[in-house]
Amino acid sequence: MGGTSAGLAVLAEYVYTAEKDTVTSAQALANPFHERVTVGTDFLHIPALKGAITDSHFHARDRMGRTLVFLARMLDGGKLAEARAIAVDERTAALTEKDGRMTVEGEGSVFMIRARKPAEILKPGTPLTFHAISVYRIPRGGDFDLQTWTGHGGAAYTLDVENGAIHSTQSGGGIY
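Predicted model only: the values in this text are computed from it and were never measured. (Residues numbered from 1 in each chain as written. Predicted model: local features only at pLDDT ≥ 70, side-chain atom pairs only at ≥ 80, totals over all residues. Heavy atoms only, no water.)

1. A word on the sheet that holds strand 6 (residues 101-106)
- One open sheet holds the 4 strands; their spatial order is 5-6-9-10, and the pairing between them is antiparallel. Looking at which strands have only one partner, the edges of the open sheet turn out to be strand 5 (92-96) and strand 10 (150-152). Each strand of the sheet is rotated relative to its neighbour by a mean of 20°, with strand direction disregarded.
- In the sheet, strand 9 (residues 143-145) pairs with strand 10 via 3 bridges, with the strands oriented antiparallel. Following the sheet pairing, Asp143 is matched in strand 10 by His152. (Pairing = 2+ DSSP bridges. Helix = DSSP H or I, 4+ residues; strand = E, 2+ residues; numbered from the N terminus. Axes fitted to C-alpha atoms, helices over the stretch in contact; angles between N-to-C directions.)

What follows is the structure in structure tokens.
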């Protein structure tokens, strides 16, 4: 499977539809129900991407915040036991086999993001509060298994969102 930009965005079970134009991380974190936060389902059915959403141009366009909001919205109402995101930097590829094994090539990284519990505060017009989101950042040469959600050659860290602000366990506090 493969896709770049919008071609990547439509591969997973959940899709950022961009029906009302794009949404920035700042807009989404400040109001997870902003009119531009539009998440749909059932466009494509690729078994390895069930319960997942994808995002592109990830680091260059500062999309971590909006992706975390997408995950919070996916978990809202108990639709999923966990929500996953695959976010890809520009000039980077997540080469994925049918069995879910993935390798990364290119200049940037691929971010495997997973939330296993709902957001603590997810209300219209209120900044997001969402804890214990795991991230595995994979650079070129690293690999990942979508079936076991484990990888090699990358870096694992945790993100928390408190009142719309993202905090990271990475040294230096970086979210990417």
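2. A few points about the layout of surface pockets
- The computed volume of the second largest pocket comes to approximately 170 Å³.
- Lining the second largest pocket are 15 residues, and of these Ser5, Ala6, Ala9, Tyr16 and Ser56 sit closest to its centre.
- Among the elements of the structure, helix 1 (6-9), strand 1 (14-16) and strand 3 (52-55) are those that each provide at least two residues to the lining of the second largest pocket.
- A per-class count over the lining of the second largest pocket returns 6 nonpolar, 5 polar and 4 charged. (1 Å grid on protein atoms, 1.4 Å probe; cavity = no way out; pocket = protein on both sides within 12 Å on 5 of 7 lines; lining within 4 Å. Points joined across faces, edges and corners; volume = space filled by probe spheres on them. Nonpolar A, V, L, I, M, F, W, Y, C, P; charged D, E, K, R; others polar.)

3. As for the pattern of salt bridges
- Per the stated rule, a full pass over the model turns up 10 salt bridges.
- With a shortest N-O distance of 2.7 Å, Asp55 and Arg66 are connected by a salt bridge. A residue pair is termed long-range when its members are at least 10 positions apart, and Asp55 in strand 3 and Arg66 in helix 3 (residues 64-75) qualify at 11 residues.
- Note that Glu82 and Arg84 form a salt bridge whose closest N and O atoms lie 2.6 Å from each other.
- Arg84 sits in the buried class, given a relative accessible area of 17%. (Salt bridge = Lys/Arg side-chain N within 4 Å of Asp/Glu carboxyl O. Buried < 20%, exposed > 50% of the residue type's maximum accessible area, 1.4 Å probe, protein only.)

4. What to know about the environment of Pro139
- Structurally, Pro139 can be placed in strand 8 (residues 130-139).
- Each C-alpha atom of the pair Pro139 and Ser109 lies 4.4 Å from the other, and the pair is 30 residues apart in sequence.
- Every residue in contact with Pro139, bar those within four places of it in the chain, is listed here: Val104, Gly108, Ser109, Gly153 and Gly154. (Contact = heavy atoms within 4.5 Å.)

5. Some words on the environment of Asp143
- By secondary structure assignment, the location of Asp143 is in strand 9.
- Taking the relative accessible area as the measure of exposure, Asp143 reaches 28% and is therefore partly exposed.
- Asp143 sits 99 residues away from Leu44 along the chain, and the two C-alpha atoms are 24 Å apart.

6. A few points about the side chain of Asp89
- Mapped onto the elements, Asp89 comes out in the loop between strand 4 (83-88) and strand 5.
- Of the side chains with opposite charge, Arg137 comes closest to the buried, unpaired Asp89, at an N-O distance of 7.6 Å.
- Within the structure, the side chain of Asp89 is placed 3.0 Å from the backbone nitrogen of His59, a separation counted as a polar contact.
- In this structure the side chain of Asp89 is engaged in a polar contact, spanning 2.9 Å, whose partner is the backbone nitrogen of Ser109.
- If we ignore the near neighbours within four places in the chain, the residues touching Asp89 are Phe58, His59, Gly108, Ser109 and Phe111. (Lys, Arg positive; Asp, Glu negative; His and termini not counted. Polar contact = N/O pair within 3.5 Å; in protein donor to acceptor, adjacent residues only side chain to side chain.)

7. Examining the pairing of strand 6
- Inspection of the sheet shows strand 5 paired to strand 6 by 5 bridges, in the antiparallel sense. In the sheet register, Ala94 faces strand 6, and the bridge partner there is Val104.
- Turn length for the strand 5-strand 6 hairpin, with the two strands adjacent in sequence and antiparallel, is 4 residues, and the turn residue Gly100 shows positive phi of about 95°.
- Examined bridge by bridge, strand 6 and strand 9 share 3 bridges and lie antiparallel to one another. Paired with Arg101 across the two strands is Asp145, which belongs to strand 9.

8. Considering the packing of aromatic side chains
- A full pass over the atoms with the stated rule returns 6 aromatic pairs.
- Pairing Phe111 with Tyr176 gives two aromatic rings, centres 6.0 Å apart and planes at 85°, and the pair type is edge-to-face. With Phe111 in strand 7 (residues 109-115) and Tyr176 in the segment after strand 12 (165-168), the pair connects residues that are 65 residues apart, well separated along the chain.
- Classification of Phe111 as buried rests on a relative accessible area of 1%.
- Tyr176 sits in the buried class, given a relative accessible area of 16%. (Phe/Tyr/Trp six-rings, centres within 6.5 Å; stacked < 30°, edge-to-face > 60°.)

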